[in-house]
Each structure stands twice: as C-alpha cells, then as structure tokens.
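Secondary and tertiary structure notes
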Amino acid sequence: MTYNYSYLSFTLLMTAFLCSNLAFAQIDTDTLSQNVIENVYKEVPNTVKKDSTKRTSFSAYPYVFYTPESQFAGGAGGIYIFYTGQEENLKPSKIGFGGYYSTNKQYKLSVSPNLYFFENKLYIEAPTSFGFFVNKFWGIGDNSPKSETASFSMESFTSTVTVQVPPKLFSADRTGLIFDYDKTSIVDTLENTLISNDSVVGNDGGESIGIGTDLLWDSRDNLFFPNNGSYQYFKVVVYPNGWGNFNYSQLQLDVKAFKAISPDHVFAFNFYIESVIGDTPFYRLPALGGPSRMRGFFSGRYRDNFYGMMQLEYRQYVWKKFGMVAFGGLGNVSENILTYNFSTMKYSGGIGLRYLFNKKDKINLRMDIGFGSDGSRGIYFGIQEAF
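Given the structure is predicted, the values throughout are model-derived calculations rather than measurements. (Residues numbered from 1 in each chain as written. Predicted model: local features only at pLDDT ≥ 70, side-chain atom pairs only at ≥ 80, totals over all residues. Heavy atoms only, no water.)

Moving on to the overall build of the protein chain. If you tally the helices and strands in the protein chain, you get 2 helices and 20 strands. The proportion of buried residues among the 387 residues of the protein chain is 52%. Across the protein chain, every contact between residues at least 6 apart in sequence was considered, and the portion connecting residues at least 24 apart equals 60%. Of the accessible surface of the protein chain, which amounts to about 17600 Å², a share of 59% is contributed by carbon and sulfur atoms. (Helix = DSSP H or I, 4+ residues; strand = E, 2+ residues; numbered from the N terminus. Buried < 20%, exposed > 50% of the residue type's maximum accessible area, 1.4 Å probe, protein only. Contact = heavy atoms within 4.5 Å. Areas by Shrake-Rupley, 256 points an atom, 1.4 Å probe, with all protein chains shown as cover.)

Set out below in structure tokens:
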C-alpha cells in the first residue's frame, strides 16, 4: 500500500486564500471535500488505467475553511484505491471519505464508494452523507424578495445508489438504475417565517425515497480540464406515493461542450435543465445559484419547479502554473417550462484565478468571484473547474 500526503500543501494555500477574503466570501462548505472525494480519482468512461501490479493506495488530506454561516471549520478526508479482481483491464475501485466540524457546531460526514466489477461491465456508486447545515430559503418563484431572516438549520441523511451496465438499447456510455434516499429534519427555523407556513411543502422535513434511471455520454479528452469534447447526462427519478412522505418526480439534463482555440485556451459551454413535478419539499426544489452554475447568486436564492440556465466560460493558463477564467451566465426559475419568463431572466458574471495543483491530471485549484444581476456577489474556492 502506498500513501500520499500531497494535499497538505494545497490546504495551506487554501487557508491563505480564505483568511484574506473573509469579508464577503460565499463558500459552498461541501464543495471542497465532495470534489476531492467524488471526482479526483474518477475515470472518463471508456478509458482504462492499466496497472498490472493491482496495487492498493491510500491518500489523505486535511483542510480548513471559514464562512459566515459555519464560522471556522476544519476537517479531513481521504481516498482508498483498490481492485475487485485481477482482470488486466479492470479499473481501480475507490472509497472516498471525509468530514468537517465548525465552531458553530455545523458538520458533515460522508463516504463515497465507486466500484468496478467483471471487467468494468458492472459499476456501482453509493455516495452517502450525514450532516447538520445552515441553509437559506427566500420563498418560491423568480421574484422572491431579499430577507434578513432567510436562514434556517437542517439535519440531513442522504444516500444515492447507482448501478450501471453497458447499455443495450441506447448508444450511451453508461446507463443504469438509481435508488435515492433522503431524510431531512428542520431543526430550527431561525425566525424564518416562510418555513413556518404550512403551505410550504416539507416545512417539517421528511423522507424522500425514489427510483430512476440515467444515461451518460462523455467524449471529453480530459475529465478535469478538457480542451475538446462534450458531456451529456440525463436522469429521471420518481418518488412514488407511499414510499416516503412526498410524491414527486425529478428530471435533469446537463450538457457541456468544450472547444480549444489553441492548447489550454478553451471555450466551455454549459446548458442545464432541472424540473420537478408533484409535492416536492422546498429544500429539494431546483435552485438557482451556487459554485457551479450562476456564480454570484447564493445557492437557492431563487427556487421553483423548473430551472433552466446556460453559461459560457473562457479558460487559459497565463504564466507557468497560473491561469485565469472569465465567465457569464443567464437563467431563471419558473412554475413549469411553459411559464418560463425571459423578461425576468437573471444574469451573472465574473472572473477567476487558477493554480495547476496536479499537472499529471490537469487539476486546478480555483478561486472565482461572481456577481449577480440583483447586486449579490460571492467568492468560491474549490478543486477543479466549475463545470
């Protein structure tokens, strides 16, 4: 077994960034740990990293961060890599894990197995997490007003098991079954009167239990900093009546395209749609904003049954390991696709810095500053690109 503690240098650099930008930083507290746990060791479909020795390895990393909601927090995580058999072309399986705790008692524990069996013909992933969070809810709709009492606290346990096999009826790279479970408790409304309204579905929390399917197409030439190629992901999950406390359905379409005008000078495009139908708890409604889409808006600043957005980003390295990006996006939420209002469209834009953290796999440390059309702004830190 081999060990790798290279994340320590990243942690120190991240800490320096955070301490210099506390005044108005809006940081997704889960982005840092989840990106490492779920993405750093994922393979692009139809690619195989051959390792005739079938070695196991373990990588560990500490990290610290600060947000106005969480205050100071620290945590640790790691990746255990192993093989489920001795087949020559078998991909490595991984179990990622992590956790953090903050000075205001906010925390999260997570584990994410990604397993390959039978010469990669069977793939299983099961990200699972439990935590206590401070979130915000401004209401439902594309014109929900700003409020100083939007915060509330929640406790959540989530687990999504995906079983994928090579498709027989579709020309996709992967397809399979999804089993989704979520149990959320509203711990404290924190003077948020909107959540106290019984007309808001899920104001007391509850269980969501669903089953669905997905399709994935991926032709990117690199998972973390693609120069060319595309990515399309389609998912449908149904939460039947009687399985949990809510009866609704979710649809998601995520399309990405990449085109380099010269090596590592890349235009990246993203089109995203998410829609729900039925009695959906408010905390699972499609949400505009966050570190990946419509940067500049707080995640969930606007929520409704339908969310559609598109964004364009230009990426390039400018000096040695340092790079920069410029991005812009537009999107909105609505009750359904037919009532989507282009006249109230939300806009966001910004710039970002990059540092080449892992040269072999082209993984960047990123720091973005985004501005929303309603005057909001946010700073985001994380590993790899926003999309």
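Moving on from the coordinates now.
Relative to the helices and strands, Gln 316 resides in strand 16 (residues 306-319). Since its relative accessible area comes to 18%, Gln 316 is described here as buried. Note: C-alpha distance between Gln 316 and His 265 (51 residues apart in sequence) is 4.5 Å. Not counting residues up to four positions away in its chain, the partners in contact with Gln 316 are Asp 264, His 265, Gly 323 and Met 324. Among the polar contacts made by the side chain of Gln 316, one reaches the side chain of Tyr 314 at a distance of 3.0 Å. (Polar contact = N/O pair within 3.5 Å; in protein donor to acceptor, adjacent residues only side chain to side chain.)

Below, the discussion takes up the pairing of strand 16. Note: strand 13 (residues 265-278) against strand 16, 11 bridges, orientation antiparallel. Bridging across to strand 16, Asn 270 finds its partner in Gln 311. Alignment of strand 16 against strand 17 (residues 322-334), held across 13 bridges, turns out to be antiparallel. Across the sheet, the residue bridging to Tyr 307 is Val 333, located in strand 17. If you look at the hairpin formed by strand 16 and strand 17, you'll find 2 residues sitting between the two strands, and Lys 320 has a positive phi there, around 50 degrees. (Pairing = 2+ DSSP bridges.)

To continue, consider the nonpolar core. One finds Phe 137, Phe 152, Ile 186, Ile 195 and Phe 282 to be the most contacted residues of the largest nonpolar core, which totals 23 residues. Elements that contribute at least two residues to this core include exactly strand 2 (57-67), strand 8 (151-165), strand 9 (174-188) and strand 11 (229-239). For Phe 137, the contacting residues outside a window of four places in its chain are Ala 150, Phe 152, Asn 192, Leu 194, Ile 195, Val 200, Phe 282 and Arg 303. The next biggest cluster of nonpolar side chains, apart from the first, holds 9 residues, and it includes Val 266, Ala 268, Tyr 317 and Ala 386. (Core = buried A, V, L, I, M, F, W, Y, C linked by side-chain atoms within 4.5 Å.)

This model, assessed by the stated rule, comprises 20 aromatic pairs. Seen from their ring centres, Phe 267 and Tyr 314 are 5.0 Å apart, and the 50 degrees between their planes marks the pair as tilted. Taken as a pair, Phe 267 in strand 13 and Tyr 314 in strand 16 lie far apart in primary sequence, 47 residues in all. Ring centres of Trp 319 and Phe 322 lie 6.0 Å apart, and the angle between their planes is 15 degrees; this geometry places the pair in the stacked category. Chaining the aromatic ring pairs together yields one cluster made of Phe 137, Phe 152, Phe 282 and Tyr 283. We note Arg 295 situated over the ring of Phe 327; from NZ or CZ to the ring centre the distance is 3.8 Å. Above the plane of the ring of Tyr 302 lies Lys 346, whose end atom (NZ or CZ) is 4.6 Å from the centre. (Phe/Tyr/Trp six-rings, centres within 6.5 Å; stacked < 30°, edge-to-face > 60°. Lys NZ or Arg CZ within 6 Å of the ring centre and 35° of its normal.)

Attention now moves to a nonpolar patch on the surface. Residues Ile 261, Phe 267, Phe 269, Met 310, Leu 312, Leu 330 and Tyr 347 make up a contiguous nonpolar surface patch of about 630 Å² in total accessible area. Mapped onto the nonpolar patch, the elements with two or more residues apiece are strand 13 and strand 16. (Patch = residues over 30% accessible without salt bridge, like charges linked within 9 Å, V, L, I, M, F, W, Y side chains within 5 Å. Salt bridge = Lys/Arg side-chain N within 4 Å of Asp/Glu carboxyl O.)

In this model, Phe 118 sits at a positive phi of 55 degrees, which is unusual for a non-glycine residue. For Phe 118, the position within the fold is in the loop between strand 5 (107-117) and strand 6 (122-125). Of note in this structure, Met 294 is not a glycine but carries a positive phi near 55 degrees. Structurally, the position occupied by Met 294 is in the loop between strand 14 (287-288) and strand 15 (302-303). Given a relative accessible area of 0%, Met 294 falls into the buried group.

One can find Asn 332 in strand 17. Residue class for Asn 332 comes out buried when judged on its relative accessible area of 0%. A polar contact of 2.9 Å, which involves the side chain of Asn 332, links it to the side chain of Thr 344. Residues contacting Asn 332, with those up to four places away along its chain left out, are Asp 142, Leu 288, Phe 306, Tyr 307, Gly 308, Tyr 340, Asn 341, Thr 344, Met 345 and Lys 346.

Another point: the confidence of the model for the protein chain. When pLDDT is averaged along the protein chain, the result is 84, and 84% of the positions lie at 70 or above. Per-element averaging of pLDDT across the protein chain places helix 1 (residues 7-19) at the bottom with 43 and strand 13 at the top with 98. Confidence drops under pLDDT 50 across residues 2-48; counting only partners more than four residues distant or on other chains, this segment forms 130 contacts. (pLDDT = per-residue confidence, 0-100.)

Side chains that differ in sign of charge can pair as their charged atoms come close. Enumeration over the complete set of coordinates arrives at 13 salt bridges. For Asp 254, the salt bridge goes to Arg 293, with nearest N and O atoms at 3.4 Å. Taken as a pair, Asp 254 in strand 12 (residues 248-262) and Arg 293 in the loop between strand 14 and strand 15 lie far apart in primary sequence, 39 residues in all. Judged by relative accessible area, which is 6%, Asp 254 ranks as buried. Arg 293 gets classed as partly exposed once you look at its relative accessible area, which sits at 22%. The partner of Arg 315 in a salt bridge is Glu 385, and the shortest N-O contact between them spans 3.9 Å. A residue pair is termed long-range when its members are at least 10 positions apart, and Arg 315 in strand 16 and Glu 385 in the segment after strand 20 (377-383) qualify at 70 residues. In terms of burial, Arg 315 and Glu 385 fall into one category: buried.

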